[in-house]
Amino acid sequence: GEIDEAPMLYIGEKVGSVLEEIGTKAQYVIDIVVRNLFERTADVGFLATDRELCTFVAGLHEDADMIRARLRAYRNKYTVYDEIMLLDAAGNVLVQIDEATPLEGSTDPLLAETLASDTYVETFRATDLRPGKKEALIYSRRMHHPETNAVIGVLCLCFNFEQEMAGIFQSHRDPALRSNMLLLDEANRVIASADPLWIPPGASVPINRD
């Protein structure tokens, strides 16, 4: 007998509708992430040229408590950072705001890269700057002496990636929890998951670029 194509057309329309809906949602969410991260590039440029901070890193005064309070006030205003630190050109930590993970210094290559760069450096991976995290998202920029303009150190802004992604997922995922939201890196590895019990960070997933 002849096959009734009506159900197949109906299913095709339903699938197409679902794909369009989640595709639109995915585009909306990634736009939020991109905009959020782009704003961090302005923050790191602003703070790295702050005269009070540069004066301290240059060694022109030693009031670390005042500088720490200044950094914490900035963190409290913008809420997206879980650590802000100032380092000298040798990688010694001069001030940090996260007392839970005190550091003396760092040998991370991002410091040399930042000292040699005339713009910000963005790093996302494991780092000795954030020893309690498997991966950290850090925006760094070199600092200059306020009088001689010599390069004197590095400012690091550590973005609270897990918390911010969790908030975005919570606000925008399917209320019925019938689908998951994943952020992948260039190797198709999950770096953030709305439901880590379903698909955990670190998993590699198949994709269809079409």
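Whatever comes next refers back to the structure up there.
To keep things clear, this report deals only with the structure shown in the data block. In this text the structure is predicted, and so the values were computed from the model without any measurement.

Here's the deal with the nonpolar core
1) Next: Core analysis: the largest hydrophobic core is formed by 36 residues, its most contacted members being Leu86, Met143 and Leu155.
2) Next: Ignoring sequence-local partners within four residues, the contact set of Leu86 consists of Leu53, Phe56, Val57, Ile67, Leu71, Asn92, Val93, Leu94, Val95, Met143, Val154 and Leu155.
3) Next: The next biggest cluster of nonpolar side chains, apart from the first, holds 12 residues, and it includes Leu103, Leu111, Ala136 and Cys158.

A word on the side chain of His172
1) Next: Examined against the element boundaries, His172 turns out to sit in helix 5 (residues 161–172).
2) Next: Those residues in contact with His172 that lie beyond four places of it in its chain are Lys25, Tyr28, Val29, Ile32 and Met181.

Comments concerning the sheet that holds strand 1 (residues 81–88)
1) Next: A sheet is described by the order of its strands in space; here five strands give the open sequence 2-1-5-4-3, paired in antiparallel fashion. In this open sheet, the two strands that pair with only one neighbour each are strand 2 (93–96) and strand 3 (121–125). Between one strand axis and the next, the sheet turns by 20° as a mean value, whatever way the strands run.
2) Next: The pairing of strand 1 with strand 5 (residues 151–159) spans seven bridges and is classified as antiparallel. Across the sheet, the residue bridging to Asp88 is Gly153, located in strand 5.

Each value, and the rule that gives it
Residues numbered from 1 in each chain as written. Predicted model: local features only at pLDDT ≥ 70, side-chain atom pairs only at ≥ 80, totals over all residues. Heavy atoms only, no water. Core = buried A, V, L, I, M, F, W, Y, C linked by side-chain atoms within 4.5 Å. Buried < 20%, exposed > 50% of the residue type's maximum accessible area, 1.4 Å probe, protein only. Contact = heavy atoms within 4.5 Å. Helix = DSSP H or I, 4+ residues; strand = E, 2+ residues; numbered from the N terminus. Pairing = 2+ DSSP bridges. Axes fitted to C-alpha atoms, helices over the stretch in contact; angles between N-to-C directions.

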